[in-house]
Amino acid sequence: MIEPLLKDQALLRDIQEAQPGDGFVLWWLGQSGFLIKYRDRYLCFDPYLSDSLTVKYENTDKPHARMTARAIDPALLDFVDVVTSSHNHTDHLDLDTLLPMLRANPRTALVIPEANRAFVAERLRIDSARPIGLNDRQSVEVAGFSIHGVPAAHEALERDERGRCRFMGYVVRFGEHSIYHSGDTMPYEGMETLLRPHAVDVALLPINGRRAERRVAGNLWGREAAKLAKDIAARLVIPCHYDMFAFNTEPPDEFIRTCEELSQPYRVLQCGERLDSAAIEARKQT
């Protein structure tokens with residue numbers, strides 16, 4: 001089992017003591033989960049902080065054996081202002097993660113694809129009016145974060161009968177900063193054109209790729225994530241969606257190699273590790 005760099009109370013102390021100043025601090029929580037701290041506000045992308053999938057698929061032909069220990073009890077995240085779900089798969093919309101978070105802080109805003117509203121309400125056992133729904137090219141301002149919807153292809157660009165995206169990514173702007181969380185996605189035509197105007201500081205991209213034998217929807221390969229970051233001129237790219245389930249992971253080697261070939265700045269984090277935006281600024285100046 002891979003142990004997070006910091007976990008539970010140690011991670012909580014690191015979060016509480018971090019002083020982002022005019023910048024921001026980011027922590028990888030495992031899989032596609034990230035926590036952003038900007039001033040005294042917090043946004044959490046797609047947290048998966050339970051063993052629900054391991055339990056669900058135990059004694060089946062698709063076991064979800066956990067590789068990395070849980071970073072933090074979600075009930076401890078009672079200070080989060082905004083939490084996102086990019087789509088309906090459990091590692092991005094987990095009852096056992098989100099229910100403790102929402103109970104701990106009923107004021108937490110939940111941002112989802114509008115197409116998934118009924119499903120989200122049923123899974124999380126909440127009023128269907130509670131989530132904030134977005135479609136692609138729509139934006140919403142929540143707790144000082146400006147959140148913009150971007151299509152995701154997992155593996156196709158799926159829309160409901162009203163043309164609304166079922167799979168989405170989010171570009172979040174706050175102060176002078178911009179972070180792109182792609183959700184689960186493969187490359188699609190026009191993706192770079194959509195993203196380039198957002199002047200992304202940090203791109204958070206999956207690298208587990210796609211293999212037919214896994215029998216699950218696929219994502220970017222490491223080389224594709226590196227190239228996408230380069231094509232949208234991201235100042236930094238961080239890989240995610242690996243080292244969680246043994247049947248659906250890839251090492252970051254190809255991602256690292258391609259970033260270096262393309263001279264694309266990158267950072268590989270350990271689960272529970274933080275990144276300070278000051279490091280990005282320092283890299284820009286060298």
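Okay, so let's go over this structure. (Residues numbered from 1 in each chain as written. Predicted model: local features only at pLDDT ≥ 70, side-chain atom pairs only at ≥ 80, totals over all residues. Heavy atoms only, no water.)

1. Overview of the sheet that holds strand 2 (residues 33–38)
The line we're drawing: Each pair of strands is called paired provided DSSP finds at least two bridges between the two strands. Numbered from the N terminus, helices here are DSSP runs of H or I no shorter than four residues, and strands are runs of E no shorter than two. Throughout, an axis means a line fitted to C-alpha atoms (over the contacting stretch in the case of helices), and angles, computed between N-to-C directions, take values from 0 to 180 degrees. Note on definitions: a residue-residue contact is assigned when non-hydrogen atoms from the two residues lie within 4.5 Å.
Pairing is mixed across the open sheet formed by seven strands, whose spatial order is 6-5-4-3-2-1-13. Strands at the two margins of the open sheet, each flanked by one partner only, are strand 6 (132–134) and strand 13 (274–276). Across this sheet, the average inter-strand angle for adjacent strands is 20 degrees, counted without regard to direction. Strand direction decides the pairing type here: strand 3 (residues 41–45) and strand 4 (residues 82–84), joined by three bridges, are parallel. Across the sheet, Leu43 pairs through a bridge with Val82, a residue of strand 4. Packed onto the sheet, helix 1 (residues 8–17) meets strand 1 (25–30), strand 2, strand 3 and strand 13 and runs at close to 160 degrees relative to strand 1. Contacts between helix 4 (residues 117–124) and the sheet are confined to strand 5 (109–113) and strand 6, with strand 5 contributing the most and set at about 135 degrees to the helix.

2. Some remarks on the packing of aromatic side chains
Stated precisely, the cut-off is as follows: Put simply, two rings from Phe, Tyr or Trp (the six-membered ring, in Trp's case) pair if the centres are within 6.5 Å, and we call them stacked under 30 degrees between planes, edge-to-face over 60, tilted for the rest. Buried means the residue's accessible area, taken with a 1.4 Å probe over protein chains only, is under 20% of the maximum for its type, while exposed means over 50%, and partly exposed covers the values in between.
In total, this model carries eight aromatic pairs according to the counting rule given. When the centroid spacing of 4.6 Å and the interplanar angle of 55 degrees are considered together, the rings of Tyr42 and Phe79 count as tilted. Remark: Phe79 occurs in the loop between helix 2 (52–56) and strand 4 and Tyr42 occurs in strand 3; sequence separation between them is 37 residues. There is no split in this pair, since Tyr42 and Phe79 are both buried. Seen from their ring centres, Phe255 and Tyr266 are 5.9 Å apart, and the 85 degrees between their planes marks the pair as edge-to-face. Of this pair, Phe255 sits in helix 7 (residues 253–262) while Tyr266 sits in the loop between helix 7 and strand 13, and the two are 11 residues apart along the sequence. Members of the aromatic cluster, connected to one another through ring pairs, are Phe24, Tyr38, Phe145 and Phe174.

3. Describing the pattern of salt bridges
What counts here: The term salt bridge refers to a side-chain nitrogen of Lys or Arg lying within 4 Å of a carboxyl oxygen of Asp or Glu.
The final tally for this structure, using the stated rule, is 17 salt bridges. Close ionic contact of Glu224 with Arg210 constitutes a salt bridge, the shortest N to O distance being 2.8 Å. Pair noted here: Glu224 is in helix 6 (residues 222–231) and Arg210 is in the loop between strand 11 (202–206) and helix 6, with a separation of 14 residues, a long-range link. Beyond isolated ion pairs, a larger network of salt bridges with shared partners links Glu114, Arg117, Asp160 and Arg164.

4. Focus: the pairing of strand 7 (residues 139–142)
Note that strand 7 and strand 8 (residues 145–151) share four bridges and pair antiparallel. Of the residues in strand 8, the one forming a bridge with Val140 is Ile147. Hairpin geometry of strand 7 and strand 8 is characterised by an intervening segment of two residues between the two adjacent antiparallel strands and by a positive phi of about 50 degrees at Ala143.

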